[in-house]
Amino acid sequence: MNDHPSSPKPREPLPVAVVGQFSWGLTILFVLASTCWVLLPYTGYLFSALVFLMAIVLAGTRWNRGPVLAMGVVSALVWNFIFIPPQFTLHIEKPQDIIMFAMFFVVALSMGHLITRLREREAALERHHAEREQLLEAKHRAELLAESERLHRTLLDSVSHELKTPIAIIRTALDGLGQGNAFAAEIETANRRLQRIVENFLEMTRVESEALKPRPDWCEISDVLHAATTPLQKELSKHPLRLHGTDDLPLMMLDSRLLAQVLGNVLHNATLYAPAGTEIEIHAEWPAQSPVRNERPQAAKPRTGDCADHFLELRVRDHGPGLPMGSEDHVFDKFYRAPDSPAGGTGLGLAIARGLMRAMKGDIEAHNHPEGGAEFVLSLPVKTRQP
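Note that the structure is predicted; figures quoted are calculated from it, not measured.

## Describing the packing of aromatic side chains
- Summed over all chains, the structure comprises six aromatic pairs.
- Between Tyr 45 and Trp 79, the aromatic rings sit 6.1 Å apart at their centres with planes inclined by 35 degrees, giving tilted as the arrangement. Here Tyr 45 is found in helix α2 (residues 45–60), whereas its partner Trp 79 is found in helix α3 (residues 65–83), with 34 residues between them in sequence.
- Take Trp 79: its relative accessible area is 0%, and that puts it in the buried class.
- Taken together, a centroid distance of 6.2 Å and an interplanar angle of 65 degrees make the contact between Phe 52 and Phe 83 edge-to-face. Here Phe 52 is found in helix α2, whereas its partner Phe 83 is found in helix α3, with 31 residues between them in sequence.
- Residue Phe 52 is classed as buried on the basis of its relative accessible area of 0%.
- The lysine or arginine in question, Arg 354, covers the ring of Phe 332, its NZ or CZ lying 4.1 Å from the ring centre.

## Notes on the packing of α2 against α3
- Two elements in contact, α2 and α3, have axes separated by 10 Å at closest approach and are oriented at 170 degrees. By the angle class used here, α2 and α3 are roughly antiparallel. Contacts between α2 and α3 involve Tyr 45, Leu 46, Ser 48, Ala 49, Phe 52, Ala 55, Ile 56, Ala 59 and Gly 60 from the former and Val 68, Met 71, Gly 72, Ser 75, Val 78, Trp 79 and Phe 83 from the latter.
- For the contact of α2 with α3, the residue count by class is 12 nonpolar, four polar and no charged.

## Quick word on a nonpolar patch on the surface
- Among the surface-exposed residues, Trp 37, Val 38, Leu 39, Tyr 42, Phe 47, Val 73, Leu 77, Phe 81, Phe 88 and Leu 90 lie close enough to one another that they form a single nonpolar patch of about 1000 Å² accessible area.
- Where the nonpolar patch is concerned, the elements lending two or more residues are α1 (16–43) and α3.
- Per-element tally for the nonpolar patch: the top contributor is α1, with four residues.
- As for its position among the elements, Val 38 is in helix α1.
- Owing to a relative accessible area of 57%, Val 38 belongs among the exposed residues under this scheme.

Criteria and cut-off values
- Within any chain, residue numbers begin from 1 and follow the written order of that chain's sequence.
- Residues qualify for local features only when their pLDDT is at least 70, as the model is predicted, and side-chain atom pairs are given and counted only at 80 or more; totals for whole chains, interfaces and linings, by contrast, use all residues.
- The basis for every side-chain value is the complete set of heavy atoms in the structure, and neither hydrogens nor water enter the calculation.
- Any pair of Phe, Tyr and Trp rings, taking the six-membered ring for Trp, is counted once the centres come within 6.5 Å. Such a pair is stacked with planes under 30 degrees apart, edge-to-face with planes over 60 apart, and tilted for the rest.
- Each helix corresponds to a stretch of at least 4 residues labelled H or I by DSSP, and each strand to a stretch of at least 2 residues labelled E; elements are numbered beginning at the N terminus.
- Each residue is placed in one exposure class: buried if its accessible area under a 1.4 Å probe, protein chains only, is under 20% of its type's maximum, exposed if it is over 50%, and partly exposed if it falls in between.
- Note on geometry: a ring has a charge over it if NZ (lysine) or CZ (arginine) is within 6 Å of the ring centre and within 35 degrees of the ring normal.
- Angles run from 0 to 180 degrees between N-to-C directions of axes, and those axes are lines fitted to C-alpha atoms, restricted for helices to the stretch in contact.
- An angle counts as roughly parallel when it lies under 35 degrees, as roughly antiparallel when it exceeds 145, as roughly perpendicular when it falls between 65 and 115, and as oblique in every other case.
- The contact criterion used is simple: two residues touch if any of their non-hydrogen atoms lie within 4.5 Å.
- Think of it as three bins: nonpolar holds Ala, Val, Leu, Ile, Met, Phe, Trp, Tyr, Cys and Pro, charged holds Asp, Glu, Lys and Arg, and polar takes everything else, Gly as well.
- Residues enter a patch when their relative accessible area is above 30% and they make no salt bridge; the linking distance is 9 Å between like charges and 5 Å between nonpolar side chains (Val, Leu, Ile, Met, Phe, Trp, Tyr).
- Using the Shrake-Rupley algorithm and a 1.4 Å probe, accessible areas are obtained, with residue cover drawn only from the displayed protein chains.
- The term salt bridge refers to a side-chain nitrogen of Lys or Arg lying within 4 Å of a carboxyl oxygen of Asp or Glu.

The following block contains the structure:
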């Protein structure tokens, strides 16, 4: 049978430590009363009152409020019944004895209250000290991480700059060898791969140090596409590139160098995972809806000759196996590589792409296309000018 909702909840049992304090209090009072009874002919009954008060004060410095109050009540009754004339009665004749009797309760209440306040203050100080230690430890960890990250970026930047010189020397030597050397093609491929890794390291340090300052200028998307695909001619030679919606785009105000680098990194990623012979598509949409529709609404269509804000959306789709399940956002993490990634690479290309897009106040996201393959969506606010 269930208890009635209004029935009182059972009280929690007293802690073992508190029960022990009650037991020790009664034992101490018994010992003190016996000792004072033996010494009564030599000391008088006021001496026993002082002994009881001292015991209450000492107990109040260590015990909880309940046992201290109990000691005060019991000691007052014992002193009244055994020591105050007339003995073995609860009757008190002298006013000073009445005052002393009342002092037991006053001292017990005062000590209990003061000890409770002191313990609460000690607990608060301990919590404050613990929180302070945690904050100091967290601050120390943050400083160590910041210093480690700074040294990491400095090392990458230094090593990358040092590698640029031998890479340039190797390229010059390759030009001197000409096309007749059987190993020239292999050396050139390895040199181009090493150059891309070094450039990625340098670009990543600039992205993380927030040293990138976009420099928008009027340009055509065709120029951006040309700058993005020219360094990838060998990789794109195995993948037909299909452009959709790029011919009718107006003149746009954007940083063509940064956008070309983003497109180049995304296209290079597509060539790594898509099988040879499969198409890579670039779809351009303008004006496009903002990725966050409630925060950045689509701008109104400008009048002829006006300059207005719009969102340019570029979709890069391959026809490969697509992204692993659950990795749609992890592909933009530094040094992230999918389990089936081809050998080589650093896992920085897409991380740099997202950093560059956000530096330009845009963003990039990835998902699997419903018809197969991976699709990367670049969304960028741009100013346009209609002829």
